[in-house]
Amino acid sequence: MIYFLIIVVGIVLDRLTKIYAVKNLMVNPIESKLVNLTYLENRGAAFGILQDKRILFVILTISIVLYLIYYFVKNIKKNPPILNIAMAMIISGAIGNFYDRLFQAYVVDFIEFSFVNFPVFNVADIFVTVGCGLMIIYIMLHGEKSNDRKDR
């Protein structure tokens, strides 16, 4: 199934790019006018909040990912493709960053926009963000239709 392929490809891309970042960007960051590739150890959540709360993140991530996988598998045939793609991307990104937290106690971030002040991020973050964006689009386009059906 394409959705499981999205999950696997996302995890593999995230691991490979983080391995590259560890091996190359710690000593030789790459700077350009659009994007910098630089090594950063993020011991917190998005934007570096909640630094050094590893146990909280591990428990929270396990809970959320298990629920998402359960919902995803249970409803995969009923959900529209955009929702399945969104969930697959979120699951993939969550597992990618979870791997780092579990085995290293921090998440490797390495992508930085050089033209705007924005936190450093990684491929897993991209998958989560795009997945959430697709989910928001789905809810905006179909949310009331789903609620109307439940009311009847």
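Residues numbered from 1 in each chain as written. Predicted model: local features only at pLDDT ≥ 70, side-chain atom pairs only at ≥ 80, totals over all residues. Heavy atoms only, no water.

1. Points about the side chain of Thr61
Along the chain, Thr61 falls in helix α2 (residues 54-75). Taking relative accessible area as the criterion, Thr61 reaches 14% and is therefore assigned buried. Discounting chain neighbours no more than four positions away, the residues touching Thr61 are Ala94 and Phe98. (Helix = DSSP H or I, 4+ residues; strand = E, 2+ residues; numbered from the N terminus. Buried < 20%, exposed > 50% of the residue type's maximum accessible area, 1.4 Å probe, protein only. Contact = heavy atoms within 4.5 Å.)

2. Focus: helix α3 (residues 81-104)
Compared with an ideal rise of 1.5 Å per residue, which puts 24 residues at 34 Å, α3 spans 34 Å between its outermost C-alpha atoms and is within 8% of the ideal. Following α3 by one or two positions, Ala105 has its phi on the positive side, about 75°. (Expected span 1.5 Å × (residues − 1).)

3. Concerning the packing of helix α1 (residues 2-25) against α3
Two elements in contact, α1 and α3, have axes whose closest approach is 8 Å; the angle formed by their N-to-C orientations is 35°. In this structure, the crossing between α1 and α3 has a hand that is right-handed. Counted by class, the contact of α1 with α3 contains 11 nonpolar, six polar and four charged residues. (Axes fitted to C-alpha atoms, helices over the stretch in contact; angles between N-to-C directions. Left-handed = near helix turned anticlockwise from the far one by under 90°. Nonpolar A, V, L, I, M, F, W, Y, C, P; charged D, E, K, R; others polar.)

4. Let's talk about the pattern of salt bridges
Going through the model one piece at a time under the given rule, you end up with four salt bridges. The partner of Asp100 in a salt bridge is Lys18, with the nearest N and O atoms 3.0 Å apart. You can see Asp100 sitting in helix α3 and its partner Lys18 sitting in helix α1, a full 82 residues away along the chain. A single burial state applies to Asp100 and to Lys18, both of which are buried. For Glu41, the salt bridge identified is with Arg43, shortest N-O distance 2.8 Å. By sharing partners, the salt bridges in this structure join Asp14, Arg15, Lys18 and Asp100 into a single network. (Salt bridge = Lys/Arg side-chain N within 4 Å of Asp/Glu carboxyl O.)

5. What about the UniProt feature "transmembrane region" (unreviewed entry) in the protein chain?
UniProt's feature table lists "transmembrane region" (unreviewed entry) at residues 55-73, 82-99 and 119-141, given in the numbering used throughout. The distance separating the terminal C-alpha atoms of residues 82-99 is 26 Å; by composition the span is 100% helix and 0% strand. The annotated region residues 119-141 carries 83% helix and 0% strand content, and the separation between its end C-alpha atoms amounts to 30 Å. (UniProt positions renumbered as here; feature names shortened; annotations may be inferred.)

6. As for the nonpolar core
Within the largest apolar cluster, 23 residues are counted, with the highest numbers of intra-cluster contacts made by Phe72, Ala88, Val108 and Phe110. Among the elements of the structure, α1, α2, α3, β2 (107-113) and α4 (123-151) are those that each provide at least two residues to this core. It is α3 that provides the largest number of residues to this core, a total of six residues. When residues no more than four places from it in sequence are discounted, the contact partners of Phe72 are Tyr3, Phe4, Ile7, Asn84, Met87, Ala88 and Ile91. (Core = buried A, V, L, I, M, F, W, Y, C linked by side-chain atoms within 4.5 Å.)

7. Section: the UniProt feature "active site" (unreviewed entry) in the protein chain
The UniProt record marks Asp109 and Asp125 with the feature "active site" (unreviewed entry), using the residue numbering of this structure. On the basis of their most widely separated C-alpha atoms, the annotated residues across 17 residues gather in one place, lying no more than 8.9 Å apart. Take Asp109: it is sitting in strand β2. Apart from residues lying up to four places away in sequence, Asp109 is in contact with Thr38, Tyr39, Leu40, Asn42, Val120, Phe121, Asn122 and Asp125. You can see Asp125 is positioned in helix α4. Apart from residues no more than four positions distant in its own chain, Asp125 is found in contact with Asn97 and Asp109.

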